[in-house]
There are 2 protein chains.
Amino acid sequence: MPKRSAGMRDVARRAEVSLSTVSRVLRGAPGVAPEVRERVRAAADELSYAVSRNASGLVTGRTCRVAVVVPSLRPWFFGAVASGLGHALHAAGLDMLVHQADGAEDWTRDLPLPHNSDALVAVALQVTEEQYAHLGDLAGPVVLAGEELPGRASVFIDDRAGTAGATHHLLNLGHTRIAYIGTHTEHGPSRSSAARMAGYHDAMAEAGAEPWTVSKPPGPDGGELAVGELLSHQSPPTAVLAESDDVALGAYRALRRSGVRVPEAISLMGFDDHDASAALDLTTVDQAPEALGAAAGQLAADLVHGRRPSDTRIELPVQIVPRQSTAAPQERRTSP
Amino acid sequence: MPKRSAGMRDVARRAEVSLSTVSRVLRGAPGVAPEVRERVRAAADELSYAVSRNASGLVTGRTCRVAVVVPSLRPWFFGAVASGLGHALHAAGLDMLVHQADGAEDWTRDLPLPHNSDALVAVALQVTEEQYAHLGDLAGPVVLAGEELPGRASVFIDDRAGTAGATHHLLNLGHTRIAYIGTHTEHGPSRSSAARMAGYHDAMAEAGAEPWTVSKPPGPDGGELAVGELLSHQSPPTAVLAESDDVALGAYRALRRSGVRVPEAISLMGFDDHDASAALDLTTVDQAPEALGAAAGQLAADLVHGRRPSDTRIELPVQIVPRQSTAAPQERRTSP
DNA sequence: CTGCGCCATGGCAACGTTTTCATGACCGGC
DNA sequence: GCCGGTCATGAAAACGTTGCCATGGCGCAG
């Protein structure tokens, strides 16, 4: 019964070999007789010994750890991305260190980075070119997930094409008075917010339809506010496209409370494929956050091992998930 | 421009002091002249130097890292718990290492624990007494979050009281035909599933009402199946209490698709305060997952520093969140 | 039969910190 | 004015691993 936790020395004694040999076996290095290898494995197992990444990292300079920074783990979306990241990193033999930026103005500062992780994955965080360089000096390879920076390792979706596709979906159903609910914080809209709104404008312009946008704070409350505004118009829209499902949920609530039936009176569409969207039968755009995370994790692992160029950019496809919250506008419906 | 990352040696040179002094300053140890302290701080700052937790952990035996194991980060709930954990640990100067168990039969085996973390937090994972002891040997203090083991450090909510309260809420509205939707996997119901169902039985028995339970696989699909079964009964329930919001969402969808109005025809209540519950106006029980995580993180930090006994048990309160999905049953409604 | 080379193994330094101990300066009291 | 004590500082050992080099045994070719 070991007092605290066994060291490599104990394993060596038990297997009657030297430290070097134990190290070689546990590292999978060649040059060890099969019989000895087995003996060491057994000894390590019996002591339930595992190599201290602390000590090995000290020598090799690699920590087997990747730092992941998310705005917060609270919203569904980042948890899903982190999940994909965790799986990919785990498969690559890397541990995942998670930090939450929590809207700190410069989250790049208070991370204990140097020597502490082999790479950094920033999820849905805006990073300036300057910050990127700084992080690279400190933490090694940096991967941007859900954001992008020209010439830098990034994994992202085509937000613009996503909303354009969503808008087409509504246009194809016969809608023309399609309102768009975007969001912005005090610092203005995020890159992805702007891209999504641009996609909407693209599609509307292409169809020759009049764009109609409102912008509110993020979250369900924004959606609720936006719907209040839209419904008070003399001729309300027949379809509403929300920047995100989060916003769409708020919009949905406001519509239900106002007695407006979805999709009969107004079609509602979101973006993200939120967990709740399935329950609500909300038509949405699936951006596969878990796949996003997985791709980013894979990329980070590859960068650590130098298996891919550091300017690799991966664009993930999005997919429209048609459900019951969108339908042809009532005025144009053909007889039953 | 440092080639890779500066070491303590570089800081020492720059501040013209010895390694020892730098270490003392950066560690906040006493016995350094204020003027020198300032000089070292400045030097470290200019080199954007941060102590290698790898090396310091090697000497102190403490890693400043806590391993967190969750079943998966994908579901909303665990992300929220992890969020609270992250904040609490960060405040205590600890980094958070996240692992996903992913339903592995014995997740306690493939964690690279020894020497690699100061403590372990297991979230909503069943741990046998034997596993607990094993983990303790390997990883130091172990905290159970959302589960409990007698005499072991745990943070949990009173599931039983939660569902009992929820049932009372429905009883108080005048319902008597109250069905309960529980869940079970192939291994049977989890501890918390069992506790929740017990709370329901408690309240029904106390009120002299006939219990009516169905048990399905977890998730929205289970809720959907359950509702199908309940509605096919000759005299369906007037209220349905679901083990979790996740299940309730599926139930809600099935009800909506069947044209059953909520709450007019059937009252529906969940448990968890899922993000989507607010959007759906679903009455639920808030178990404050973020607070759960925060308490667990705080406890883990305290255990690491020996500031609390290792058998500390914290029970967090739950709170009913009344929303629009529950109302008095139609038959008994008094005239408007 | 001898000698060369390869392979398995062990010894030792080094990684970047903390910690303990030693050194020396300075201050105050008798 | 001398001595003991306190305080700031520096030197060196140790932490648990890996990487390099040395050693010795064995097989095979000449």
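Residues numbered from 1 in each chain as written. Chains lettered and ligands numbered in written order. Predicted model: local features only at pLDDT ≥ 70, side-chain atom pairs only at ≥ 80, totals over all residues. Heavy atoms only, no water.

K.L.:
Sorry, what's going on with helix α3 (residues 34-46) of chain B here?
P.N.:
An α-helical turn contains 3.6 residues, so a residue and the one three or four places further along point in the same direction. Residues and elements named next belong to chain B. End to end, α3 covers 18 Å across 13 residues, agreeing with the expected 18 Å (1.5 Å per residue, within 8%). Turning to α3, its buried residues are Val 36, Arg 37, Val 40, Ala 43 and Ala 44. Seen end-on, α3 carries its buried residues on one side only, within an arc spanning 130 degrees. Along α3, exposed side chains directed more than 90 degrees from the buried face belong to Pro 34, Glu 35, Asp 45 and Glu 46. Tucked into the core, α3 has its buried residues touching α1 (8-15) and α2 (19-27). Phi for Ser 48, located one or two positions after α3, is positive at around 40 degrees. (Helix = DSSP H or I, 4+ residues; strand = E, 2+ residues; numbered from the N terminus. Expected span 1.5 Å × (residues − 1). Buried < 20%, exposed > 50% of the residue type's maximum accessible area, 1.4 Å probe, protein only. Arc of directions from axis to C-beta. Contact = heavy atoms within 4.5 Å.)

K.L.:
Just checking my understanding: could you explain the protein's contact with DNA strand C for this structure?
P.N.:
The environment of DNA strand C is formed by 23 residues, the closest being Thr 21, Ala 33 and Val 36 of chain A together with Ser 23 and Tyr 49 of chain B. Considering the 4 Å shell around the protein, atoms of DNA strand C inside it are sugar or phosphate in 66% of instances. One nitrogen or oxygen atom from the side chain of Ser 20 of chain A is found 2.8 Å from a base oxygen belonging to DNA strand C. Separating a phosphate oxygen of DNA strand C from a side-chain N or O atom of Arg 27 of chain B is a distance of 3.1 Å. (Near = heavy atom within 4 Å. Polar contact = N/O pair within 3.5 Å; in protein donor to acceptor, adjacent residues only side chain to side chain.)

K.L.:
Would you mind showing me how to read the domain arrangement of chain A here?
P.N.:
Domain parsing of chain A yields domain 1 (8-51), domain 2 (65-157 + 288-316) and domain 3 (159-286 + 321-332). For domain 1 of chain A versus domain 3 of chain A, the separation of C-alpha centres amounts to 61 Å. (Domains from an automatic or database assignment.)

K.L.:
Mind showing me how you'd approach empty space enclosed by the protein here?
P.N.:
Over the atoms rolls a probe the size of a water molecule, and its path tells where empty space is left. All names here are of chain A. If you walk through the whole model with that rule in mind, you get one cavity of 30 Å³ or more. Estimates place the volume of the largest cavity at around 30 Å³. What lines the largest cavity is Val 227, Leu 230, Leu 231, Pro 237, Val 240, Leu 255 and Ile 266. Top contributing element to the lining of the largest cavity by residue count: helix α9 (residues 220-231), with three residues. (1 Å grid on protein atoms, 1.4 Å probe; cavity = no way out; pocket = protein on both sides within 12 Å on 5 of 7 lines; lining within 4 Å. Points joined across faces, edges and corners; volume = space filled by probe spheres on them.)

K.L.:
So what exactly am I meant to see when it comes to the interface of chain B and chain A here?
P.N.:
How large an interface is tends to be reported as the accessible area lost when its parts come together. Each partner contributes residues to the interface: chain B has 56 residues there, and chain A has 56 residues. Buried surface at the junction of chain B and chain A, both sides included, amounts to about 4,900 Å², of which 48% is carbon and sulfur. For the chain B face of the interface with chain A, the top three residues by lost area are Asn 54, Arg 74 and His 115 of chain B, together amounting to 14%. Here chain B and chain A share eight salt bridges between them. Across the pair Arg 74 of chain B and Asp 275 of chain A runs a salt bridge whose closest N-O atoms are separated by 3.6 Å. The tally of links between chain B and chain A comes to 16 residue pairs in polar contact (both at pLDDT 80 or more). (Buried area = accessible area lost by both parts, 1.4 Å probe. Salt bridge = Lys/Arg side-chain N within 4 Å of Asp/Glu carboxyl O.)

K.L.:
In this structure, what is going on with the relation of the copies chain B and chain A? I would like to understand it.
P.N.:
Note on the chain copies: they are related by a rotation about an axis and a translation along it. If you rotate chain B by 180 degrees and push it 0.0 Å along the axis, it lands on chain A with an RMSD of 0.1 Å. Here the copies are linked by what is in effect a two-fold axis. A shared interface surface links the copies, since 100% of the contact residues of chain B are contact residues in chain A too. (Least-squares fit on C-alpha atoms with pLDDT ≥ 70 in both.)

K.L.:
Help me out: how do you make sense of the packing of aromatic side chains in this one?
P.N.:
Inspection of the entire model under this criterion finds six aromatic pairs over all chains. Summarising the aromatic geometry, the rings of Phe 77 of chain A and Phe 78 of chain A are spaced 5.5 Å apart at their centres and angled 80 degrees between planes, so their arrangement reads as edge-to-face. By the burial criterion, Phe 77 of chain A is buried, and Phe 78 of chain A matches it. An aromatic cluster of three or more residues is present, and its members are Trp 76, Phe 77 and Phe 78 of chain A. When the ring centre of Phe 271 of chain B is taken as origin, the NZ or CZ atom of Arg 196 of chain B, which lies over that ring, is 3.8 Å away. (Phe/Tyr/Trp six-rings, centres within 6.5 Å; stacked < 30°, edge-to-face > 60°. Lys NZ or Arg CZ within 6 Å of the ring centre and 35° of its normal.)

K.L.:
Is there a simple way to explain the protein's contact with DNA strand D in this structure?
P.N.:
Every one of the 24 residues lining DNA strand D counts as a neighbour, but Met 8, Ser 23 and Tyr 49 of chain A together with Ala 33 and Val 36 of chain B are closest to it. Of what DNA strand D places within 4 Å of the protein, 66% of the atoms are sugar or phosphate. Within the side chain of Arg 27 of chain A, an N or O atom sits 2.8 Å from a phosphate oxygen of DNA strand D. Contact between DNA strand D and Ala 33 of chain B: a phosphate oxygen at 2.8 Å from a main-chain N or O atom of the residue. At the level of secondary structure, the elements contributing two or more residues to the surface near DNA strand D comprise α2 (19-27) and α4 (53-60) of chain A together with α2 and α4 (53-60) of chain B. If one sorts the elements of the surface near DNA strand D by residue count, α4 of chain A sits on top with five residues.

K.L.:
How do you make sense of the environment of Glu 224 of chain A when you look at a structure like this?
P.N.:
Residue and element names in this part refer to chain A. Considering the arrangement of structural elements, one finds Glu 224 in helix α9. When the C-alpha positions of Glu 224 and Gly 293 are compared, they lie 30 Å apart, and in sequence the two are 69 residues distant. Setting aside its immediate chain neighbours within four residues, Glu 224 contacts Gly 250, Ala 251, Arg 253, Ala 254 and Arg 257. A distance of 3.4 Å separates the side chain of Glu 224 from the side chain of Arg 257, its partner in a polar contact.

K.L.:
I keep staring at the pattern of salt bridges and nothing clicks. Help me out?
P.N.:
Pairing between side chains of opposite charge can happen when the charged atoms of each approach one another. The final tally for this structure, using the stated rule, is 50 salt bridges over all chains. When the shortest N-O distance is used, the salt bridge between Arg 152 of chain A and Glu 129 of chain A registers 2.4 Å. Taken together, the positions of Arg 152 of chain A in the loop between β4 (142-145) and β5 (154-157) and Glu 129 of chain A in helix α6 (residues 129-139) put the pair 23 residues apart, joining distant regions of the chain. Of the residues examined, Glu 129 of chain A reaches a relative accessible area of 40% and is grouped as partly exposed. Notably, a salt bridge pairs Asp 95 of chain B with Arg 53 of chain B, separated by 2.9 Å at the nearest N-O pair. One end of the pair, Asp 95 of chain B, is in strand β2 (residues 95-100); the other, Arg 53 of chain B, is in helix α4, and 42 residues separate them in sequence. Both residues of the pair, Asp 95 of chain B and Arg 53 of chain B, count as buried.

K.L.:
Which parts of the structure should I look at to understand a nonpolar patch on the surface?
P.N.:
A contiguous nonpolar surface patch, about 420 Å² in accessible area, is contributed by Leu 58 and Val 59 of chain A together with Leu 58 and Val 59 of chain B. Put simply, the parts of the chain that give the nonpolar patch at least two residues each are α4 of chain A together with α4 of chain B. Residue Val 59 of chain B is classed as exposed on the basis of its relative accessible area of 72%. (Patch = residues over 30% accessible without salt bridge, like charges linked within 9 Å, V, L, I, M, F, W, Y side chains within 5 Å. Areas by Shrake-Rupley, 256 points an atom, 1.4 Å probe, with all protein chains shown as cover.)

K.L.:
Help me understand the side chain of Asp 281 of chain A, please; the structure alone is not making it clear to me.
P.N.:
The topology assignment puts Asp 281 of chain A in the loop between α11 (275-280) and β10 (284-286). A relative accessible area of 2% places Asp 281 of chain A in the buried class. A polar contact of 2.7 Å, which involves the side chain of Asp 281 of chain A, links it to the side chain of Arg 257 of chain B. The contacts of Asp 281 of chain A, once residues within four sequence positions are left out, are Arg 323, Gln 324 and Ser 325 of chain A together with Arg 253, Arg 256 and Arg 257 of chain B.

K.L.:
Please clarify how the state of the cysteines should be interpreted in this entry.
P.N.:
Each disulfide consists of a covalent bond between the sulfur atoms of two cysteine residues. For the structure on display, the rule yields zero disulfides over all chains. Residue Cys 64 of chain A stays outside any disulfide, its sulfur separated by 19 Å from that of Cys 64 of chain B, the closest cysteine. Assessed through its relative accessible area of 24%, Cys 64 of chain A is described here as partly exposed. (Disulfide = S-S within 2.5 Å.)

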